[in-house]
Amino acid sequence: ISLVWLFILIIRDFINIDVVGKFVDKFMIAKYGPIFILGYLVYFLLETKMKRWKRILIYFEILLSFYYLWRHLGLEYFIFIILAFAFLIVTVCLSSKGQTGNKIVNKIIHPFTFIAGISYPLYLVHQNIGYAIIKTIGYDQAFGEFVLIIPIVVSILLAYSINRWIEKPINSYFNKKR
């Protein structure tokens, strides 16, 4: 599915039909879709045993995602994505092996594994909750980015609560049914 998604995003660039472009931008999350796909592919690549041709297909999808991001986001943002992607790979590789035996590395990885554990509920709540809080508080130039601490903390706490008291019990219930 992700390969089809990427092909549609890339083909849209070469077709100058305004209706198709608006549809793809609105319903296929054209701006952030490849970033989502990259995270999914890295996890899938590192955590799943698969045949060689599937791995090659995933590497191809990663290259397509990078191509799309480079073409649409500009060099500065693309460099940021590359660095974040490299950091993601290192973090996933280290954390997927369990405790590394190095206390410093384990302390560095722990916050990232926590955020990874609540990533889906965080994805669901961060934009709407964060925007509502910023609108309520008001973004004041005098305080600048300091105002953003409140919606970040609230979003993380809400995502943790959803994960802890909704997501995990439901997963546990359905795993027992199997």
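Peer 1: Help me understand the packing of aromatic side chains in this model?
Peer 2: For any pair of aromatic rings, geometry is given as the distance between the ring centres together with the angle between the planes. A complete count under the given rule lists eight aromatic pairs for this structure. Taking 6.2 Å as the distance between ring centres and 75 degrees as the angle between the ring planes, the aromatic pair formed by Tyr160 and Trp165 counts as edge-to-face. On the basis of relative accessible area, Trp165 is assigned to the exposed category, the value being 56%. A connected cluster of aromatic rings, assembled from ring pairs, spans Phe66, Phe78 and Phe85.

Peer 1: When you look at helix α6 (residues 119-137) in this model, what are you seeing that I'm missing?
Peer 2: Each full turn of the α-helix corresponds to 3.6 residues, which orients residues three or four apart in the same direction. For α6, with 19 residues, the first-to-last C-alpha span of 25 Å sits near the 27 Å given by 1.5 Å per residue. Taken as a whole, α6 carries its principal kink of about 45 degrees at His126. Among all positions of α6, only Pro121, Leu122, Val125, Gly130 and Ile133 are buried. Where α6 ends, the next residue or the one after it, Gly138, has phi of about 90 degrees, a positive value.

Peer 1: I keep staring at a nonpolar patch on the surface and nothing clicks. Help me out?
Peer 2: Together, Phe114, Ile115, Tyr160, Trp165, Ile166, Ile170, Tyr173 and Phe174 line one region of the surface with nonpolar side chains, adding up to about 810 Å² of accessible area. Contributing elements (two or more residues each) for the nonpolar patch: α5 (103-117) and α7 (149-177). It is α7 that contributes the most residues to the nonpolar patch, six residues altogether. As for its placement among the helices and strands, Tyr160 is situated in helix α7. Taking the relative accessible area as the measure of exposure, Tyr160 reaches 34% and is therefore partly exposed.

Rules and cut-offs
- Throughout this document, residue positions are counted from 1 along each chain, in the order its sequence is written.
- The predicted origin of the model limits local features to residues at a pLDDT of at least 70 and limits the giving and counting of side-chain atom pairs to 80 or more, whereas totals for whole chains, interfaces and linings rest on all residues.
- Derived side-chain values reflect all non-hydrogen atoms in the structure, with water molecules and hydrogen atoms excluded from consideration.
- Working definition: a ring pair exists when centres of Phe, Tyr or Trp rings (six-membered ring for Trp) sit within 6.5 Å. Plane angles under 30 degrees give stacked, over 60 give edge-to-face, the rest tilted.
- Accessible area is worked out with a 1.4 Å probe on protein chains only. A residue is then buried under 20% of its type maximum, exposed over 50%, and partly exposed in between.
- Put simply, DSSP H or I for four residues or longer makes a helix, DSSP E for two residues or longer makes a strand, and each gets a number counted from the N terminus.
- By this rule the span expected of a helix is its residue count minus one, scaled by 1.5 Å.
- Axes are fitted to the seven residues ending at a residue and to the seven starting at it; the angle between these axes is taken as the bend at that residue.
- The patches described consist of residues with a relative accessible area above 30% and no salt bridge, like charges being joined within 9 Å and nonpolar side chains (Val, Leu, Ile, Met, Phe, Trp, Tyr) within 5 Å.
- Per-residue accessibility takes into account occlusion by the displayed protein chains alone, with areas from the Shrake-Rupley method and a 1.4 Å probe.
- Definition used for salt bridges: Asp or Glu carboxyl oxygen within 4 Å of a side-chain nitrogen of Lys or Arg.

By themselves, these are just geometric observations and shouldn't be taken as functional.
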